[in-house]
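What follows is the residue order along each chain.
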Amino acid sequence: MECHRALLVHVCLLTKRLYYYCMLSRTFVYPILIRGGKPTPIFPSFIMAVVFCFYNGYLQSCHIAKYQLYDGGLLLQPRSLILHPRFTLGFVMFVVGMALNIHSDYLLRNLRRPNEQGYKIPRGGLFEYVSCANFFGEIVEWCGYAILCGSLPAFAFLCFVLVNLGARSWHHHRSYLEKFEDYPKNRKALIPFIF
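Source: prediction; values computed, not measured.

A. Just unusual backbone geometry, in detail. Phi at Phe193 takes a positive value of approximately 70°, unusual for a residue other than glycine. Tracing the backbone shows Phe193 in the segment after helix H6 (152-179). A relative accessible area of 67% means that Phe193 is categorised as exposed.

B. View of the packing of helix H5 (residues 133-149) against H6. The N-to-C vectors of H5 and H6 enclose an angle of 170°; their axes lie 9 Å apart at closest approach. Classified by the angle their axes make, H5 and H6 are roughly antiparallel. Side by side, H5 and H6 meet where Phe135, Glu138, Ile139, Trp142, Cys143, Tyr145, Ala146, Ile147 and Cys149 of the first sit next to Ala154, Phe155, Phe157, Leu158, Val161, Leu162, Leu165, Arg168, Ser169 and His172 of the second. In the contact of H5 with H6, the residues fall into 15 nonpolar, two polar and two charged.

C. View of the packing of aromatic side chains. Scanning the model with the defined rule gives eleven aromatic pairs in all. Aromatic side chains Phe94 and Tyr145 sit 6.3 Å apart centroid to centroid with 50° between the ring planes, which places their arrangement in the tilted category. Here Tyr145 lies in helix H5 and Phe94 lies in helix H4 (residues 85-109), a separation of 51 residues in the sequence. Assessed through its relative accessible area of 1%, Phe94 is described here as buried. Linked through ring pairs, Phe52, Phe94, Trp142, Tyr145, Phe157 and Phe160 together constitute an aromatic cluster.

D. Highlighting the nonpolar core. In terms of nonpolar packing, the biggest core is built from 29 residues, with Phe94, Trp142, Tyr145 and Val161 touching the most fellow members. Within the residue set of this core, elements represented by two or more residues are helix H1 (2-33), H4, H5 and H6. Ranked by residue count, the leading element in this core is H5, at ten residues.

E. Expanded view of H6. Look at H6: 40 Å from first C-alpha to last across 28 residues, which is about the 40 Å you get at 1.5 Å a residue. Those residues of H6 that sit buried are Pro153, Ala154, Phe157, Leu158, Val161, Leu165, Gly166, Ser169, His173 and Tyr176.

Conventions we followed
- Residues numbered from 1 in each chain as written.
- Predicted model: local features only at pLDDT ≥ 70, side-chain atom pairs only at ≥ 80, totals over all residues.
- Heavy atoms only, no water.
- Helix = DSSP H or I, 4+ residues; strand = E, 2+ residues; numbered from the N terminus.
- Buried < 20%, exposed > 50% of the residue type's maximum accessible area, 1.4 Å probe, protein only.
- Axes fitted to C-alpha atoms, helices over the stretch in contact; angles between N-to-C directions.
- Parallel < 35°, antiparallel > 145°, perpendicular 65-115°, else oblique.
- Contact = heavy atoms within 4.5 Å.
- Nonpolar A, V, L, I, M, F, W, Y, C, P; charged D, E, K, R; others polar.
- Phe/Tyr/Trp six-rings, centres within 6.5 Å; stacked < 30°, edge-to-face > 60°.
- Core = buried A, V, L, I, M, F, W, Y, C linked by side-chain atoms within 4.5 Å.
- Expected span 1.5 Å × (residues − 1).

Remember, this is a structural readout, not a statement about activity or role.
So this is what it looks like as structure tokens:
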């Protein structure tokens, strides 16, 4: 019983760490690496983002720490929990999505040389198939997180991400098509070959 409890604590900590790592990276590392671009207005964009992140972090953490049932009502042995298909699939999707997101952000940051202004067509990686490869990576990441946790707050956050990034990707895609005559016509907005 004590072994089971210790493993559940480790699973709980893993899900929290995945969430925190992603949020800390997006909040502190990503802004430092950005070159050029437009400055972010302090209000309402930045303040609203901070409030949303704090609230969402609180909601995710409380649910994981207090209410999460990792066995889904089944009596799973401690070791089988880590190997459970939902847990494994969610973890792999999270890692793959994060890698796609980081790689796509890297490609976007390096589109322009230092002190260069203006827009360029993103190329390489998943950008050969979609206009917003970074958004696709983020959706895969949070879909994996929702599957891994299997909780209502995680799926609610995934719905927010889908609606927010879906709309933004459509806007970016239309903008690219209007700005660049040589923009690849077969490239989709967000999901390769589909949307």
